[in-house]
Amino acid sequence: MIRVLLADDQALVRGGLRKIVDTEADMTVVAEAADGLEAVDAARASRPDVAVVDIRMPRLDGIEATRRIVAALGGDVRVLILTTFGLDEYVFSGLRAGASGFMLKDAPPEELVEAIRIVAGGSGLLAPAVTQAVISEFARRAPADPQASARLDELTEREREVLMLLTRGRSNAEIAADLVVSEATAKTHVGHVLMKLGVRDRVQAVIFAYESGLVAPGG
């Protein structure tokens, strides 16, 4: 059962999200919050698997709430950010704050629950309609980090191949097909890449690839 925290300053929105989540057999809402500070407190108290956080909330916005939730619970929680703007300025800050996913508020219910499942499973996710635009713009803004490039040296040649495939949005099954290995082997390689780079999920791995200079914007 996936334990979900809902944080949005609009009661009607929270009610709609709760209805969507609670109709799924494999997930349940364990807490709600009407602003960022409540979200952080609720996360600490309920220890959800996934926190669905609106990016714009009073008292504490979704970015700072994400940063504090991740700092408090570490790898025990994944944050899925909701926004009404496909290229909202806050998206880039949200990724840096440790968010594992980003979805548009007007996404169909089935996409939202699938996004919750994906991030709960340890993968990262960006709304399909804006994935390439977000990553490309993020990469353009993020200067290469020399310290990050040093960590690439810990990867084997095969693991570098896997990281490059991650930057292209490949799933484990697609990575397995590209490398002609089993899906289990591909999953193991992905796990090693994340561990060696010290990142939480695929989205953060892609960001790392750009920041380290392994991949150039538009490359």
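Our structure is the block above this text.
Residues numbered from 1 in each chain as written. Predicted model: local features only at pLDDT ≥ 70, side-chain atom pairs only at ≥ 80, totals over all residues. Heavy atoms only, no water.

Draft legend 1. Structural context of the pattern of salt bridges. Evaluated as defined, the whole model comprises 15 salt bridges. Note that R47 and D76 form a salt bridge whose closest N and O atoms lie 3.3 Å from each other. Taken as a pair, R47 in the loop between α2 (36–46) and β3 (50–54) and D76 in the loop between α3 (62–73) and β4 (78–83) lie far apart in primary sequence, 29 residues in all. Between R160 and D153 there is a salt bridge, with the nearest N and O atoms lying 3.9 Å from each other. (Salt bridge = Lys/Arg side-chain N within 4 Å of Asp/Glu carboxyl O. Helix = DSSP H or I, 4+ residues; strand = E, 2+ residues; numbered from the N terminus.)

Draft legend 2. Representation of helix α8 (residues 157–167). Along α8, the residues that are buried comprise E159, V162, L163, L165, L166 and T167. Buried-residue contacts for α8 involve α9 (172–179), α10 (183–197) and α11 (202–211). Looking one or two residues beyond α8, the residue adopting positive phi is G169, at roughly 80°. (Buried < 20%, exposed > 50% of the residue type's maximum accessible area, 1.4 Å probe, protein only. Contact = heavy atoms within 4.5 Å.)

Draft legend 3. How the structure looks around the side chain of R14. Structurally, the position occupied by R14 is in helix α1 (residues 11–22). Looking at R14, its side chain comes within polar contact range of the side chain of E32, at 3.1 Å. R14 has contacts with L6, D8, D9, E32, A33 and A34, leaving out every residue within four places of it along the chain. (Polar contact = N/O pair within 3.5 Å; in protein donor to acceptor, adjacent residues only side chain to side chain.)

Draft legend 4. Seen up close, the environment of A120. With respect to the secondary-structure elements, A120 resides in helix α5 (residues 109–120). Considering only alpha carbons, one finds A120 and S100, 20 residues apart in sequence, at a separation of 9.2 Å. With residues up to four places along the chain from it excluded, the contact list for A120 reads I2 and V50.

Draft legend 5. Spotlight on α9. What α9 keeps buried is the set N172, I175, A176 and L179. Viewed end-on, α9 has its buried residues packed into an arc of 100°, placing them on one side of the element. Looking at the buried residues of α9, the elements they touch are α8, α10 and α11. Once α9 finishes, V180 follows within two positions and takes phi at roughly 55°, a positive value. (Arc of directions from axis to C-beta.)

Draft legend 6. Highlighting unusual backbone geometry. Although it is not a glycine, R47 sits at a positive phi angle of roughly 50°. Backbone geometry at R59 places phi at a positive 65°, although glycine is not the residue there. Within the secondary structure, R59 sits in the loop between β3 and α3.

Draft legend 7. Spatial organisation of the environment of L112. Structurally, the position occupied by L112 is in helix α5. Using a relative accessible area of 7% as the deciding quantity, one classes L112 as buried. Apart from residues lying up to four places away in sequence, L112 is in contact with L17, I20, L80, L82 and M103.

Draft legend 8. A look at the packing of α1 against α5. Where α1 meets α5, the axes come as close as 10 Å, and the angle between the chain directions of the two elements is 70°. In terms of orientation, α1 and α5 fall into the roughly perpendicular class. Read as a crossing pair, α1 and α5 show a hand that is right-handed. Along the contact surface, α1 presents L17, I20 and V21, while α5 presents P109, L112, V113 and I116. (Axes fitted to C-alpha atoms, helices over the stretch in contact; angles between N-to-C directions. Parallel < 35°, antiparallel > 145°, perpendicular 65-115°, else oblique. Left-handed = near helix turned anticlockwise from the far one by under 90°.)

Draft legend 9. Fine view of the pairing of β3. Among the five residues in β3, five count as buried, and that is most of the element. Both strand β1 (residues 2–7) and β3 contribute to a ladder of four bridges, which runs parallel. Across the sheet, the residue bridging to A7 is V53, located in β3. Relative to β4, β3 runs parallel, the two being bridged by five bridges. Residue pairing across strands places V52 opposite L80, the latter belonging to β4. Of the crossover connections in this fold, the one passing from β3 over α3 to the parallel β4 is right-handed. (Pairing = 2+ DSSP bridges. Right-handed = clockwise from strand over helix to strand, strands pointing away.)

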